[in-house]
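Working through the structure, step by step
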Amino acid sequence: MAELGKIRIAVPSAQSSAPDPALGVNLGVSDAMHAEIVQHLAQLEQDLSIRVLFAAESGSRAWGFASPNSDFDVRFVYVPKPDWYFTVSAKRDVIERMLPNDVDLSGWELRKALRLFKRYNAALNEWLGSPIQYRAPSLAANQMRALLPQFFKPAAALHHYGSMANSALQAMPDSAEVSAKKLCYMLRAVFACRHVLATQTQPPTQFQPMLMTLHASKAELAWILQTLHDKALAPEKALTELSPVMRADFAREIADALAARATIGRGKRAPVAELDQLLRLAVNGSEN
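Here we summarise the structure given alongside this text. Numbers given for residues are sequential positions, taken from 1 along each chain in its written order. The predicted nature of this model means local features are confined to residues of pLDDT at least 70 and side-chain atom pairs, given and counted, to a pLDDT of 80 or more, with totals for whole chains, interfaces and linings taken over all residues. Hydrogens and water are ignored here; the side-chain numbers use all heavy atoms of the structure.

Our focus in this paragraph is the overall build of the protein. Helix and strand content of the protein: twelve helices and eight strands. The contacts of the protein with a sequence gap of at least 6 include a subset with a gap of at least 24, amounting to 77%. All accessible areas in this document rest on Shrake-Rupley with a 1.4 Å probe, and a residue is counted as covered only by the protein chains that are shown. Surface summary for the protein: the accessible area is close to 13,700 Å², and the carbon and sulfur share equals 54%. Every helix listed is a DSSP run of H or I at least four residues long, and every strand listed is a run of E at least two residues long, numbered separately from the N terminus. Contacts are assigned to residue pairs that have any heavy atoms within 4.5 Å of one another.

Structure (structure tokens):
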């Protein structure tokens, strides 16, 4: 057995060559598909009288291990016309569209997004850090990225990623054969917990940068990267192996990460004045 942090991984002795950092990375968005999604966003702006402040890929494509038939999960933040805000009755602050070619568009109105950002929302933070962007970031988006360290909450991050890892593990059958998709999701969530415990900062959206910063053997990195690579080449329902020993070690590490919520701290109590100013400028169209 070789150890990777707290996780012991059975690694074939033949895997001793240096891992290729690009192995397993599959952003999977062609130029044509990127242009099509950009056009969908432009059409949405025209149809609904909104402005998209930023738009990014989320999920497995952004994480770096999409399957050939993965959907395109496009997430965005937008502002309506100023008059939208001048009503007593609450209005719907989410836009959702399912489009051809497995394009799933989902957007949050900026005030909703900033409320979630203030409390800590891992999904929104991952959109901001996605390696696949469909819209050049506005000043508002760049300001949110700059403010993220002030509003980062380590305990909330551990809860999110620890719970995600635990859910993925519990969804796997007890047999050696498990869903490659769920295994990769669990691996990323476990490493995100490690990142939070080590740095108390938001984990990178893409999985591979977290792997490259670990003090692990070449063989250990090769094993994980090969798993990601195999998943990226296989259909969504492909299976892979997870030994009982590895399952038990993952379960212990996940439990430890969730228990650490009590001691890691809740983060800074950041003032919201800058978020209020960001909202005012964006709604008035003067943030650019």
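Residues belong to one nonpolar core when they are buried, are Ala, Val, Leu, Ile, Met, Phe, Trp, Tyr or Cys, and are joined through side-chain atoms within 4.5 Å. Buried residues are those whose accessible area, probed at 1.4 Å on protein chains only, stays under 20% of the maximum for their type, while exposed residues exceed 50% and partly exposed ones sit between those limits. Leu110, Phe117, Leu124, Met186 and Phe207 are the most contacted members of the largest nonpolar core, which totals 68 residues. At ten residues, helix H7 (residues 180-199) tops the list of elements feeding residues into this core. Setting aside chain neighbours within four positions, we find phenylalanine 207 in contact with Trp63, Phe65, Leu187, Arg188, Phe191, Ile224 and Leu228. Leu41, Ile50, Phe72 and Ile95 belong to the second-largest nonpolar core, a separate cluster that totals 16 residues.

Moving on: the packing of aromatic side chains. Think of a pair of aromatic rings as described by two things: how far the centres are apart, and how the planes are tilted against each other in angle. Note on ring pairs: Phe, Tyr and Trp rings are taken, using the six-membered ring of Trp, and paired if centres are within 6.5 Å. Classes follow the plane angle, with under 30 degrees stacked, over 60 edge-to-face and the rest tilted. One pass over the full model with this rule turns up ten aromatic pairs. Where phenylalanine 117 meets phenylalanine 151, the ring centres are 5.5 Å apart and the plane angle is 45°; that geometry is what we call tilted. Here the residue phenylalanine 117 occupies a position in helix H3 (residues 110-119), and phenylalanine 151 occupies one in helix H5 (residues 139-151), the gap between them amounting to 34 residues. Just as phenylalanine 117 is buried, phenylalanine 151 falls in that class too. Ring geometry for phenylalanine 191 versus phenylalanine 207: centroids 5.5 Å apart, planes at 65°, classification edge-to-face.

The salt bridge criterion pairs a side-chain nitrogen of Lys or Arg with a carboxyl oxygen of Asp or Glu, the two atoms within 4 Å. Applying the stated rule across the entire model yields six salt bridges. Across the pair glutamate 126 and arginine 188 runs a salt bridge, and its minimum N-O distance is 3.0 Å. Separated by 62 residues along the polypeptide, glutamate 126 in helix H4 (residues 122-128) and arginine 188 in helix H7 bring together distant segments of the chain. Arginine 188 carries the same exposure label as glutamate 126, and that label is buried. The salt bridge partner of arginine 252 is aspartate 249, with a shortest N-O separation of 2.2 Å. In this pair, arginine 252 and aspartate 249 are both assigned in helix H10 (residues 244-259), three residues apart and thus about one turn of the helix distant.

In this section: the environment of leucine 147. Note on placement: leucine 147 falls in helix H5. Looking at leucine 147, the relative accessible area reads 7%, which means it is buried. As a C-alpha pair, leucine 147 and phenylalanine 117 span 30 residues in sequence and 9.6 Å in three-dimensional space. In this view, leucine 147 contacts Phe117, Glu274 and Leu275; residues no more than four positions away in its chain are not counted.

Time to look at the packing of H5 against helix H12 (residues 273-283). Geometry is summarised by axes, namely lines fitted to C-alpha atoms with helices restricted to the contacting stretch, and by angles between N-to-C directions that run from 0 to 180 degrees. Look at H5 against H12: their axes get within 11 Å of each other, and the N-to-C directions meet at 170°. With respect to their mutual orientation, H5 and H12 come out roughly antiparallel. Here Ala140, Gln143, Met144, Leu147, Gln150 and Phe151 of H5 come into contact with H12, specifically with Glu274, Leu275, Leu278 and Ala282. Roughly parallel refers to an angle under 35 degrees, roughly antiparallel to one over 145, roughly perpendicular to one between 65 and 115, and oblique to any angle outside these ranges.

Next up on the list: helix H1 (residues 31-48). With 18 residues, H1 should cover 26 Å at 1.5 Å per step; its first-to-last C-alpha distance of 26 Å lies within 8% of that length. When we look at burial in H1, the residues that qualify are Met33, Ile37, Leu41, Leu44 and Glu45. Buried residues of H1 fall within an arc of 125° about the axis and therefore sit on the same side. Within H1, the exposed residues directed more than 90 degrees away from the buried face are Asp31, Ala32, Gln46 and Asp47. One less than the number of residues in a helix, times 1.5 Å, gives the span that helix is expected to have. By definition, the arc is the one covered by directions from the helix axis to the C-beta atoms.

So, on to the packing of helix H6 (residues 154-170) against H10. Look at H6 against H10: their axes get within 9 Å of each other, and the N-to-C directions meet at 155°. By the angle class used here, H6 and H10 are roughly antiparallel. Crossing geometry of H6 relative to H10 is assigned as left-handed. Contacts from Leu158, His159, Gly162, Ser163, Ala165, Asn166 and Leu169 in H6 reach Arg247, Phe250, Ala251, Ile254, Ala257 and Leu258 in H10. Throughout, the ten residues Ala, Val, Leu, Ile, Met, Phe, Trp, Tyr, Cys and Pro are labelled nonpolar, Asp, Glu, Lys and Arg are labelled charged, and all others, Gly among them, are labelled polar. A class-by-class count of the residues in the contact of H6 with H10 yields eight nonpolar, four polar and one charged. By the definition used in this description, the sense in which the near helix is turned from the far one sets the handedness, with an anticlockwise turn below a right angle giving left-handed and a clockwise turn giving right-handed.

A word on the pairing of strand S5 (residues 94-99). Relative to strand S6 (residues 103-109), S5 is paired through six bridges, and the arrangement is antiparallel. Residue pairing in the sheet places leucine 99 in a bridge with valine 103 of S6. Should DSSP find at least two bridges between two strands, the strands are regarded as paired. Taking the residues that link successive antiparallel strands as the turn, the S5-S6 hairpin has three residues, and the phi of asparagine 101 there is positive, at about 65°.

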